Amino acid sequence: MRESRDTRPKAAVRVVIVDDHRVLAELLTAALSTTDEVAVVESVGTAAGAIDRVGAVQPDVVILDYDLPDADGVSVVSAIKSACPRCRVLMLTSYTDPIVLSEAFDAGCDGFVTKRNGASEILSAVLAVASDETPVSPDMVRTLVRRDVVGVGADLTERELEVLRIASLGHSNKEIADELYLSVNTVRNHMQHVLNKLGAHSKLEATAIAVRAGILRR
């Protein structure tokens, strides 16, 4: 019996843009709208407006500017997630300071992209964060790998290293689980242990640290 395939088109990732620079927001909306994979459903310019509209439209991804006129973006991540528990937050900023990155992830952001990136990179970040990945702009990685990494990762188990190696190739948790014959929850637990042991906030940061420390070859 031939296996049936679902030929229905995949639903577009629904996005809310939060940025008070209207020209930038309009350009970003236009750029993201060039593909059927993304649908920009709302664009607002304040933190208060973000919480209200995100709660109303329940998007998949919120592109959140770090600098807003009524609050900094980091301070409203928790409120946005309370208004829309299912949505993923992608921080957008002109800063590349690791402190800003740490603040963003500590607040609950799911990805980090800088305004130095072009539209295609931002689109890739939106799709990645919607797929349960944790994208970090490449221009941030150069800063992240400058830290002292002597002795870092020595306590990683063989399984944790294996999970990190596969994750570093861009595979999702589901793909890692399939390859290693594990459950997705088990892979998530292993990855969380990796992040904790390396002091990383994302798979990309963990990869950069592991490569720098010499415990992972690319």
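Residues numbered from 1 in each chain as written. Predicted model: local features only at pLDDT ≥ 70, side-chain atom pairs only at ≥ 80, totals over all residues. Heavy atoms only, no water.

What is the right way to read helix α2 (residues 47–57) from this model?
What sets the pattern is the α-helix's 3.6 residues per turn: residues three or four places apart point alike. Burial in α2 covers these residues: Ala-47, Gly-49, Ala-50, Val-54 and Val-57. On an axial view of α2, the arc spanned by its buried residues comes to 145°, and they lie on one face. Projecting away from the buried face of α2 at angles above 90 degrees are the exposed residues Ala-48 and Asp-52. Tucked inside the fold, the buried residues of α2 contact β1 (13–18), β2 (38–44), β3 (61–65), β4 (67–68), β5 (71–72) and α3 (77–83). At the N-terminal end of α2, a side-chain oxygen is found 2.9 Å from the backbone nitrogen of Gly-49, two or three residues along, and the residue is Thr-46. Once α2 finishes, Gln-58 follows within two positions and takes phi at roughly 50°, a positive value. (Buried < 20%, exposed > 50% of the residue type's maximum accessible area, 1.4 Å probe, protein only. Helix = DSSP H or I, 4+ residues; strand = E, 2+ residues; numbered from the N terminus. Arc of directions from axis to C-beta. Contact = heavy atoms within 4.5 Å. Polar contact = N/O pair within 3.5 Å; in protein donor to acceptor, adjacent residues only side chain to side chain.)

Would you mind showing me how to read unusual backbone geometry here?
The bulk of non-glycine residues show a negative phi, and the bulk of peptide bonds are trans. The residue Gln-58 is not glycine, and still its phi comes out positive at about 50°. Here Gln-58 falls in the partly exposed class, since its relative accessible area comes to 26%. Despite not being glycine, Asp-132 shows a phi value in the positive range, around 70°. Here Asp-132 is to be found in the loop between α5 (119–130) and α6 (138–144).

What should I look at first to understand helix α9 (residues 184–198) in this one?
With 15 residues, α9 extends 21 Å between its outermost C-alpha atoms, agreeing within 8% with the 21 Å of an ideal straight helix rising 1.5 Å per residue. One or two steps after α9, the chain reaches Gly-199, where phi turns positive at roughly 70°. (Expected span 1.5 Å × (residues − 1).)

Explanation requested: the pattern of salt bridges in the structure shown.
Close approach of charged atoms lets side chains of opposite charge pair. The final tally for this structure, using the stated rule, is eleven salt bridges. In this structure, Arg-86 and Asp-60 form a salt bridge, with 2.6 Å as the shortest nitrogen-oxygen distance. Taken together, the residues span a long stretch of sequence, with Arg-86 in the loop between α3 and β6 (88–93) and Asp-60 in the loop between α2 and β3 at a distance of 26 residues. Classification of Asp-60 as buried rests on a relative accessible area of 18%. For Asp-65, the salt bridge is made with Lys-115, and the minimal N-O distance between the two is 3.3 Å. Taken together, the residues Asp-65 in strand β3 and Lys-115 in the loop between β7 (111–114) and α5 connect sequence positions 50 residues apart. A relative accessible area of 1% places Asp-65 in the buried class. (Salt bridge = Lys/Arg side-chain N within 4 Å of Asp/Glu carboxyl O.)

What's the story with the sheet that holds β1 in this structure? I'm lost.
Strand pairing in a sheet relies on backbone hydrogen bonds. The paired strands run either parallel or antiparallel. The strand order across the open sheet formed by five strands is β2-β1-β3-β6-β7, and the pairing between neighbours is parallel. The open sheet has two free edges, formed respectively by β2 and β7, since each of these has just one partner strand. Across this sheet, the average inter-strand angle for adjacent strands is 25°, counted without regard to direction. Note that β1 and β2 share six bridges and pair parallel. (Pairing = 2+ DSSP bridges. Axes fitted to C-alpha atoms, helices over the stretch in contact; angles between N-to-C directions.)

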